[in-house]
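Coordinate analysis (summary)
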Amino acid sequence: MSRLTRRKLLMFFGCSAAATALSPKIGNFLGSSEVAQAQTGGLSFTPLKLAHPLEAYENSPSFVPLGIGGGGNTIGAGVDVQLQSYEYFDDVIVPPEYERYVIVGWGDRVFPNQEEYFGYNNDYLSFIPINGNPDDGYLWANHEYVSYPISSLLGGDDLAGFPTTDQLVLGLDLSQPTLFTLGEFAYNQGGSIVRITKSNGRYTPVADDANRRVHLLSGLGINSERSDGYQSVTSWGTASYQTGDQNFLIGTGPAATEVFPLSSDGLGNRIIGTAFNCSGGTTPWGTILTAEENFQGSVTEAVQPNGIQTGYDEEGIGFTFGLVGEKYGWMVEISPADPSFVNRKHTALGRFRHENIAFRIEAGRPLVAYMGDDRRGGHTYKFISNGIVSSPTDPNNSQLFEAGTLYVARLNRDGSGQWIPLVPSTPTNPLSPREIAEAELNAFGEAQRDGRIRLPQRAGIAGATEDGGSLIVDLTNDNVLSDYQGRTLGDFYSSQGAILSDAFLASNLIGGTPSSRPEDVEVHPGDGSLFIAYTDNAPGGDGYPDSRIFVVSKYSADINAIQQFGGLYRFIETNSDATSTTFSWSVFEHSGEDGAINGAGFANVDNLEIDTLGNIWGVTDMSTSNHNGFRTGAAAELREIDHTATGNISSLTGVFGNNWLFYIPVVGPNAGLVVPFAYGPPRCEMTGPYFIRNRSGVDETLLLAVQHPGESSPIGDGVILGRTIEMLSLDGTSLFNQARSVPRGSSWPSNIGYVGNPGGSFNGLLPPRPSVIGVTRRDGGAFV
């Protein structure tokens, strides 16, 4: 029987032991028996051979890459499952049955105004076909943040003097901390809309008046109407795109009417820009919901009881341009195909560090959206609209995001769960540090960060003398919890809009489960169950994941002890009703080396995609500073990798090498097996997997964003790093040493011949550029 059948399907579907008995249940999971029957064969491609041992290699041949450009050898099933040496290359490597190509890259001048350019660090991707034609449509790409080597200001001391990509690619000097440089950093975030058409099997950008940028300083021109000292801050340079325009956004929902009119910018329900855009979702009517994630580093996150910021942090982009914090951290709706659509932030969906959104949109039912707050101790959310969906493709459905109820998930250790509403009447009942730190306290007698949880600070409660921001409650002061109990949210916030503006702290206050950086969320098209990528279980400054639900440490010195690098969870709504206030949850795949207890063979799963056959695709988001056991920077110091260590051993992710893309078939002989499909260039993260379907509705092209190749490292200059890495055997009984080599930095995609049409000159250097690629089968046809 397959791995998923053996370990998971019996639990998920309540069946007996035989595979034949499971077949009808699998069909129900996928939504039709025809789909299940179509996938009863083996793999349709050769799995990519990665550095670490995987069960997939025991029964399938695997492809060993030997250089950039796709060259390599195929070896037989069970051959060299545990490699004694492994070399990574500066490229996106895919199985031999496929080809990858660059569609568009950072710095490309693909807009009507040739001064404008495609932004940095692309993340969520989508494709909106024009008139239903899958060969012609609008590409949407999020731009999340900026990082070295775009500017020397973003690098460490040991990177001083190395070439950067600002002048090479853009022809701009971003080396000084000026208004101009900060403005360009802001411009490089947000999103890009580019029309792409398919010719000879490949998508390429084409000229279109609808090609445009949406960025953090969109609408900066309205600053001229202010009276708080920012009225002169309406540009950041002399180029036409650097002069503030009137393309501001608006808000909808409770915060737009109850909070934004109080904002110190005096601009009411008008908002300058969107940025920090991580993942997102695409509606059936052709709009994009893009997620504002890590806004806290640029604008103020802390708010007062009325929902407005506590004040400017006197550093960074927010202070420089007068961006008030309460207007960032929302889900933003944009229509790529309609430039006249007024981009809007839907405040009914809550303000937190949004990573993603997934929908259940059914005619005659409320619209339901699921979201995650990507921080340590962040929460999982559900929104239920007040209104009803008439037709799933009706553009008027956008109005359903404007009114409804936001709920936070409470996970119980018995596998049950509740959705708790964030409304003024909800009782306060925060979890205690001793509850959430139980597992680590039992193992070590102490807990990381003392099991902290953050609660809203209010004068007269727990000894606080000021209103606004947060109070840390941990094992050293948990006696103050009694001050927070027996009240309601309405005792802490002056309006529904204020509650939503502080959703993270409000969720802690009412007993939502602090979780492990919920990143992507996806609704399975077969049965409506929710798959959630909890990326990293380690506690942090914002909070402590509930250790009764999430493995927050390596609790044992055993070499095969369970590891704490996140996992893929599944929620099933009671009676499959998306509007239910109860659900069940289970772990679909746990992180960790394949030889570790419950290990699925990956670490830090992030963005997900579910194909039309119901199979699950996922990319990993291992920290750049851990890749292959090397720190970032020019020195690339070694990180210790010790399988007998206990506690938070993040360095152990170094065994997994570069970030990569995997595939999990849900039926057939390989059901539940984690099958490697691709890896990316050094120090990159691959994000935003999105399938474009052909006219028959079959997945044909996979879009992938290659984010920050060569991040925090010198531009690829031929330096190869080498080390020995301690690896866990596939059966978990022993350790072996592997000789690992990897380029220190990256030159991708310049090193594979992609030039595009950037504004600068490479001057003989090959700069790394975040880019969007397409992946297709060499022989055409269905992707799998």
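Everything numeric in this text was worked out from a predicted model, so none of it was measured.

Calculation rules
- Going along each chain's sequence as written, the residues are numbered from 1 onward.
- Restriction of local features to residues with pLDDT of at least 70 applies here, the model being predicted, together with a cutoff of 80 or more for giving and counting side-chain atom pairs; totals for whole chains, interfaces and linings are based on all residues.
- Side-chain metrics rest on all non-hydrogen atoms present in the structure, leaving aside hydrogens and water.
- Only protein chains enter the accessibility calculation, which uses a 1.4 Å probe. A residue is then buried if its area is under 20% of the maximum for its type, exposed if over 50%, and partly exposed in between.
- Helix and strand assignments come from DSSP, with helices taken as H or I runs of at least 4 residues and strands as E runs of at least 2, each series counted from the N terminus.
- Strand pairing is assigned whenever DSSP detects at least two bridges linking the two strands.
- For this analysis, residues touch if any pair of their heavy atoms sits within 4.5 Å.
- Each axis is a line fitted through C-alpha atoms, and for a helix only the stretch in contact is used; angles between axes span 0 to 180 degrees, taken between their N-to-C directions.
- Pairing of aromatic side chains requires ring centres within 6.5 Å, counting the rings of Phe and Tyr and the six-membered ring of Trp. Pairs whose planes differ by under 30 degrees are stacked, by over 60 edge-to-face, and all others tilted.
- Predictor confidence is given residue by residue as pLDDT, running from a minimum of 0 to a maximum of 100.
- The set of buried Ala, Val, Leu, Ile, Met, Phe, Trp, Tyr and Cys residues whose side-chain atoms join them within 4.5 Å is what this entry labels a nonpolar core.
- One side-chain nitrogen of Lys or Arg within 4 Å of one carboxyl oxygen of Asp or Glu is enough to make a salt bridge.
- In what follows, a disulfide is any cysteine sulfur pair within 2.5 Å.

**Looking at the pairing of strand β14 (residues 331-334)**
- Burial along β14 is two-sided: the residues Met331 and Glu333 and Val332 and Ile334 are all buried.
- Note that strand β13 (residues 288-292) and β14 share four bridges and pair antiparallel. Along β14, the bridge assignment pairs Ala291 with Met331.
- By the bridge criterion, three bridges tie β14 to strand β15 (residues 344-346) in an arrangement that is antiparallel. Its bridge partner being in β15, Glu333 is matched across the sheet by Arg344.

**Digging into the side chain of His708**
- Inspection of the secondary structure assignment puts His708 in the loop between β32 (699-707) and β33 (720-728).
- Non-local contacts of His708, meaning those with residues more than four positions away in its chain, are made with Asn121, Tyr145, Ser147, Thr624, Arg683, Cys684, Glu685 and Pro770.

**Concerning the pairing of strand β35 (residues 771-777)**
- Counting buried positions over the seven residues of β35 gives seven, a clear majority of the element.
- Side chains of β35 alternate between two faces, with Ser771, Ile773, Val775 and Arg777 and Val772, Gly774 and Thr776 buried alike.
- Across seven bridges, strand β4 (residues 98-105) lies against β35 in antiparallel orientation. Residue pairing across strands places Glu99 opposite Thr776, the latter belonging to β35.
- Relative to β35, β32 runs antiparallel, the two sharing five bridges. Bridging from a neighbouring strand, Val706 pairs with Ser771 of β35.

**Observations concerning the sheet that holds β33**
- With mixed pairing, the three strands of this open sheet are ordered in space as β3-β34-β33. Of all strands in the sheet, those bounded by a partner on one side alone are β3 (85-87) and β33. For this sheet the average axis-to-axis angle between neighbouring strands, irrespective of direction, equals 25°.
- Pairing analysis gives nine bridges linking β33 to strand β34 (residues 735-743), with the strands arranged antiparallel. Residue pairing across strands places Thr724 opposite Ala739, the latter belonging to β34.

**Points about the sheet that holds β4**
- Strand order in the open sheet formed by four strands is β4-β35-β32-β31, and the pairing between neighbours is antiparallel. Each having just a single partner strand, β4 and β31 (685-693) make up the two edges of the open sheet. Going from strand to strand, the sheet's axes swing by 25° on average, the running direction of each strand aside.

**Topic: the packing of aromatic side chains**
- With the rule as written, the count across this model stands at 39 aromatic pairs.
- Ring centres of Tyr88 and Tyr679 lie 4.8 Å apart, and the angle between their planes is 70°; this geometry places the pair in the edge-to-face category. Here Tyr679 lies in strand β30 (residues 675-679) and Tyr88 lies in the loop between β3 and β4, a separation of 591 residues in the sequence. Accessibility assignment for this pair places Tyr88 and Tyr679 in one class, buried.
- Aromatic pair Phe359 and Phe401: ring centres 6.0 Å apart, planes at 55°, arrangement tilted. With Phe359 in strand β16 (residues 354-360) and Phe401 in the loop between β18 (380-388) and β19 (404-411), this residue pair connects regions lying 42 residues apart in the sequence.

**Regarding the environment of Gly387**
- Take Gly387: it is sitting in strand β18.
- For Gly387, a relative accessible area of 24% gives the class partly exposed.
- Sequence separation between Gly387 and Ala403 is 16 residues; the distance between their C-alpha atoms is 7.6 Å.
- Once you skip the residues sitting within four places of it in the chain, Gly387 turns out to touch Pro366, Leu367 and Leu400.

**What about the confidence of the model for the protein?**
- Overall, the predicted model of the protein reaches an average pLDDT of 94, with 95% of residues at or above 70.
- Segment residues 1-28 is flagged for pLDDT under 50; beyond a separation of four residues in sequence, or across chains, it makes 59 contacts in the model.
- Ignoring residues within four places in sequence, the model shows residues 31-38, a span with pLDDT below 50, making eight contacts including any to other chains.

**Brief notes about helix α6 (residues 179-187)**
- Of all the positions in α6, only Thr181, Gly183, Glu184, Phe185, Ala186 and Tyr187 are classed as buried.
- Buried residues along α6 sit against β9 (212-214) and α8 (316-321).

**Quick word on the environment of Asp606**
- Along the chain, the position of Asp606 falls in strand β27 (residues 605-610).
- Taking the relative accessible area as the measure of exposure, Asp606 reaches 1% and is therefore buried.
- Sequence separation between Asp606 and Asn508 is 98 residues, and the spatial gap between their C-alpha atoms is 23 Å.

**Regarding the side chain of Asp373**
- Here Asp373 lies in strand β17 (residues 366-373).
- Excluding residues within four positions of it along the chain, Asp373 makes contact with Phe352, Arg353, Gly378, His379, Tyr381, Phe504, Arg517 and Pro518.

**So, the nonpolar core**
- If you look at the biggest cluster of nonpolar residues, it comprises 71 residues, and the most contacted ones within it are Ile103, Leu216, Phe321, Leu323, Tyr328, Leu703 and Val772.
- The leading source of residues in this core is strand β5 (residues 122-130), at five residues.
- Ignoring sequence-local partners within four residues, the contact set of Phe321 consists of Leu179, Leu182, Gly183, Leu217, Leu220, Asn223, Arg226, Tyr230, Val233, Ser235 and Trp236.
- Counting 45 residues, the second largest nonpolar core, distinct from the first, contains Ile616, Val674, Phe736 and Val742.

**Side note on the pattern of salt bridges**
- Under the counting rule described, the total for this entry stands at 30 salt bridges.
- A salt bridge links Glu700 to Lys198, with the nearest nitrogen and oxygen atoms 2.8 Å apart. Placement of the pair is Glu700 in strand β32 and Lys198 in strand β7 (residues 190-199), with a sequence separation of 502 residues.
- For the salt bridge of Arg413 with Glu438, the shortest nitrogen-to-oxygen distance reads 2.7 Å. One end of the pair, Arg413, is in the loop between β19 and β20 (416-421); the other, Glu438, is in helix α10 (residues 438-444), and 25 residues separate them in sequence.
- A relative accessible area of 25% means that Glu438 is categorised as partly exposed.
- When salt bridges that share partners are traced, they join Glu301, Arg353, Asp373, Arg375 and Asp542 into one network.

**Considerations on unusual backbone geometry**
- A cis amide bond, omega 25°, links Tyr148 with the succeeding residue Pro149.
- Here Pro149 is to be found in the loop between β6 (133-143) and α5 (165-170).
- A cis geometry characterises the amide bond from Trp748 onward to Pro749, with omega recorded as 0°.
- Looking at where Pro749 falls in the secondary structure, it is placed in the loop between β34 and β35.
- Positive phi outside glycine occurs at Asn628, with the angle close to 55°.
- For Asn628, the location among the structural elements is in the loop between β28 (616-620) and β29 (660-664).

**Observations concerning the state of the cysteines**
- Taken as a whole and judged by the stated rule, the model has zero disulfides.
- Take Cys278: it sits in no disulfide, and the sulfur closest to it among the cysteines is that of Cys684, at 15 Å.
- For Cys278, a relative accessible area of 3% gives the class buried.

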